[in-house]
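Now for the letters of each chain:
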Amino acid sequence: MKPLRIGIPPNYVAERHYVLHIFLTHFLGIPFELYHHDEPCWRIHLDENHAMVIEDAFFASIPEGETYQNSKYIPQSIKKQSQAVATIEPLIILFGSDKLEWHNRENRRELVWGNDLFAATFFMLSRWEEVVYAGKKDAFDRMPESEMLAFKAGFYQRPIVNEYLDEWVYWAHAMVPDLPVRQQSFQIHPTHDIDYLKRYPNYPSWIKSSLGAFFRGYGISTSIQTLVEGWKVLRGSQQDPFQSFERLSKVNQQKGWKADYYFKMESDNADYQWEEDWVQAWVKRLQAQGDQIALHPNFGTYRNEKTYREEVERFQLKMKFIPKVRQHYLQYDLAITPSIQSKMGITIDSSLALSSHWGFRSGVCYDYPLFNFQENSISLISEEPVCWMDTAAFRANPDPDSFWESFLNAAQIVKRHRGHFRFIWHNNHFALPEWKRISAQYELQLNLIHQLQSSY
Ligand SMILES: [Zn+2]
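All residue numbers refer to position in the chain's written sequence, counted from 1. Where local features are concerned, this predicted model is filtered to residues with pLDDT of at least 70; where side-chain atom pairs are given and counted, the filter is 80 or more; whole-chain, interface and lining totals use all residues.

Caption draft 1: Quick peek at the overall build of the protein chain. Helix numbers and strand numbers start at the N terminus; a helix is a DSSP run of H or I with at least 4 residues, a strand a run of E with at least 2. Each helix and strand in the protein chain was counted, giving 14 helices and 16 strands. Taken along the three principal axes of its C-alpha coordinates, the protein chain extends 85 × 45 × 40 Å. Residues with at least 20 other C-beta atoms within 10 Å of their own are called buried, those with 12 or fewer are called exposed, and the rest are partly exposed. The C-beta atoms themselves are positioned from the backbone. Sorting the 456 residues of the protein chain into buried and exposed places 40% on the buried side. Here, residue contact means that the backbone-derived C-beta atoms of the two residues sit within 7 Å. Taking contacts inside the protein chain between residues at least 6 apart in sequence as the whole, the part at least 24 apart equals 73%.

Caption draft 2: The arrangement of the environment of Phe-59 in detail. If you trace the backbone, Phe-59 turns up in the loop between β4 (50-55) and β5 (79-81). Take Phe-59: there are 22 C-beta atoms within 10 Å of it, and that puts it in the buried class. Sequence-wise, Phe-59 and Ile-188 are 129 residues apart; in three dimensions their C-alpha atoms are separated by 36 Å. Setting aside chain neighbours within four positions, we find Phe-59 in contact with Asn-11, Tyr-12, Tyr-68 and Ala-119.

Caption draft 3: Spotlight on the pairing of strand β9 (residues 187-194). The element β9 is largely enclosed, with a buried count of six among its eight residues. Here the rule is simple: two strands pair whenever DSSP picks up at least two bridges between them. Inspection of the sheet shows β9 paired to strand β16 (residues 420-424) by five bridges, in the parallel sense. Following the sheet pairing, Thr-191 is matched in β16 by Ile-424. With four bridges connecting them, β9 and strand β10 (residues 260-263) associate as parallel partners. Paired with Asp-193 across the bridge in β10 is Tyr-262.

Caption draft 4: Structural detail: the sheet that holds strand β14 (residues 377-383). Across the sheet, three strands lie side by side as β12-β14-β13; this open sheet has mixed pairing. Of all strands in the sheet, those with a lone pairing partner are β12 (348-349) and β13 (368-372), marking the two edges. Of the pairings in the sheet, the one linking β12 to β14 comprises two bridges and is parallel in character. Across the sheet, the residue bridging to Ile-348 is Ser-382, located in β14. Helix axes are fitted to C-alpha atoms over the stretch in contact, other axes to C-alpha atoms as well, and angles between N-to-C directions run from 0 to 180 degrees. Contacting β13 and β14, helix α1 (residues 13-27) runs over the sheet at an angle of about 180 degrees to β13.

Caption draft 5: Quick look at helix α7 (residues 245-255). Among all positions in α7, only Phe-245, Leu-248 and Asn-252 are buried. The arc that holds the buried residues of α7, viewed along the axis, is 70 degrees, so those residues lie on one side. Exposed side chains of α7 directed beyond 90 degrees from the buried face belong to Glu-246, Lys-250 and Gln-254. Looking at the buried residues of α7, the elements they touch are β9 and α8 (277-288). With its phi angle positive at about 75 degrees, Gly-256 sits one or two positions after the end of α7. Starting at the helix axis, one direction is taken to each C-beta atom, and the arc is that of these directions.

Caption draft 6: Quick look at the domain arrangement of the protein chain. The start and end points of each domain follow an automatic or database-based domain assignment. According to the domain assignment, the protein chain consists of domain 1 (4-175) and domain 2 (187-199 + 240-454). Taking the mean C-alpha position of each, domain 1 and domain 2 sit 29 Å from one another. Facing 25 residues of domain 1, the contacting portion of domain 2 comprises 26 residues. Those elements that place two or more of their residues in the side of domain 1 that touches domain 2 are α1, α2 (117-126), α3 (128-132) and α5 (160-175). Counting residues per element, the side of domain 1 that touches domain 2 draws most heavily on α1, which supplies six residues.

Caption draft 7: Representation of the nonpolar core within the structure. We call a set of buried Ala, Val, Leu, Ile, Met, Phe, Trp, Tyr and Cys residues a nonpolar core when their C-beta atoms link them within 7 Å. Judged by nonpolar contacts, the single largest core of 111 residues is most densely connected at Phe-118, Ala-119, Ala-120, Cys-387, Trp-388 and Ala-410. The element contributing the most residues to this core is α2, with eight residues. When residues of this core are assigned to domains, at least three map to each of domain 1 (4-175) and domain 2 (187-199 + 240-454). What Cys-387 contacts, discounting residues up to four positions off in sequence, is Trp-358, Gly-359, Phe-360, Cys-365, Ala-410, Val-414, Phe-421 and Arg-422.

Caption draft 8: Structural view of α5. Over its 16 residues, α5 runs 23 Å from end to end, which matches the ideal 22 Å to within 8%, given 1.5 Å per residue. Elements that come into contact with the buried residues of α5 comprise α1, β3 (41-47), β4, β6 (91-93) and α2. Helices are assigned an expected span. That span is 1.5 Å times one less than the residue count.

Caption draft 9: Structural context of the packing of helix α12 (residues 400-416) against helix α14 (residues 442-454). Interhelical geometry of α12 versus α14 gives an angle of 15 degrees and a closest axis separation of 10 Å. The angle between α12 and α14 places the two elements in the roughly parallel class. Taken as a pair, α12 and α14 cross one another with a handedness that is right-handed. Taken together, the residues of α14 that come into contact with α12 (itself represented by Trp-404, Phe-407, Leu-408, Ala-411, Gln-412 and Lys-415) are Gln-445, Leu-448, Ile-449 and Leu-452. Here the contact of α12 with α14 is built from residues that sort into seven nonpolar, two polar and one charged. If an angle is under 35 degrees, it is roughly parallel; if it is over 145, roughly antiparallel; if it lies from 65 to 115, roughly perpendicular; otherwise it is oblique. Definitions for this section: a left-handed crossing has its near helix turned counterclockwise from the far helix by less than a right angle. A right-handed crossing has that turn clockwise. The residue classification treats Ala, Val, Leu, Ile, Met, Phe, Trp, Tyr, Cys and Pro as nonpolar and Asp, Glu, Lys and Arg as charged. All others, Gly included, are polar.

Caption draft 10: Spatial organisation of the sheet that holds strand β1 (residues 4-8). On the basis of which strands lie adjacent, the open sheet formed by six strands has the order β2-β1-β3-β4-β8-β7 and mixed pairing. Taken across any chain shown, the strands that pair with only one partner, and hence form the sheet edges, are β2 (32-36) and β7 (96-105). Going across the sheet, the axis of each strand differs from the next one's by a mean of 20 degrees, ignoring polarity. Taken together, the three bridges between β1 and β3 define a ladder with antiparallel strand orientation. Across the sheet, Ile-6 pairs through a bridge with Ile-44, a residue of β3. This element, α1, spans β1 and β2 of the sheet and lies at about 150 degrees to β2.

Caption draft 11: Fine view of the pairing of strand β8 (residues 108-115). The pairing of β4 with β8 spans five bridges and is classified as parallel. Following the sheet pairing, His-50 is matched in β8 by Arg-109. Relative to β8, β7 is paired through seven bridges, and the arrangement is antiparallel. Directly across from Arg-105, in β8, lies its bridge partner Arg-108. In textbook terms, the turn of a hairpin is the stretch between consecutive antiparallel strands, and for β7 and β8 this stretch comprises two residues, one of which, Glu-106, has a positive phi near 50 degrees.

This is the structure:
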């Protein structure tokens, strides 16, 4: 395909190039070449006679000599574009207005948008909001989600970048029906963080778990079940219920899904050691069935190159290739972590998820390369965003019905945008009393989302 010509103002060229590259080329398969003009807009020439013009509502507003990377440039409120046609709800406007007008200019027909969807896409994908955040962090050194614009304005459960893509394609095709656009397809990706592998690591913990079940109100029968189960595990006549790999694999294999398993390299306070034979036996079995064995770097590694390298080396004692990583507790500093990961030879990260609700932390359900804030360029790290995590859904919806409703809901939204439904289910949640009412439905609920894959 011949590259589309795109005119942009000559400031923030790296940022503009990044967002156009991700939006048009990476997501839609449309190549482009840039030229500079002195108008405050992004002009995309779809062909000789048609152009899409997006008013430059954000970068044009930053005074020369200043940087946009300042919390004062984060919108205080949002607007809605009610004229949107490709989405059910009005489009979100972070920067600009709801103007949508046809103009004739020179020999061209132009559609002029007031909604600066490229600036909004850059805001969501680069996460510069998190980079400039200087307020109080949470207990895990993360920006509190309640401070994020998407939460304050209530759109965190909408993949707004995908909405912009759908709207953009709709109007592009209204002007140039045969403009070739790459279609993505709905995919389901189960992922599992292996934080714990032993419900009964020793006799004291066995007693503690059994009494705990009773004193936390799960009843005498749960308590006795726990007592019996723990006894069998410690005597070696039953597998520890945290090692639920067979149950997980059975579902995934039935559906034809390959899963990602993130293993920890932690040595202190861990209930398993990566090098141990029984751990490696599980690793080999998972690998043999085509699942990915990935690295789950521990607390603090997200900004500590030295400890990161130690974990990478430890992983590589058993496995040369690190297909991807997810930081434990989703600790991720967008200004630092990607460059540490790059130095380790890592190319895929899957840490961008929400921890208090399900939703779209970077507003998208497609994989995409991050923005490199240190070099102002496209990062070498590709992000595989997660939109639903069991613990986060549990926090917001602890009863089984609304918990699983959130799961189906998230999958349906991703399906609508032909995106990647990547979710986190922790292997130990089949075994804990507080999770049993929920986890009993695991297979049933995965059947439901699997049906989405075959229906239209
Ligand atoms: Zn973890």
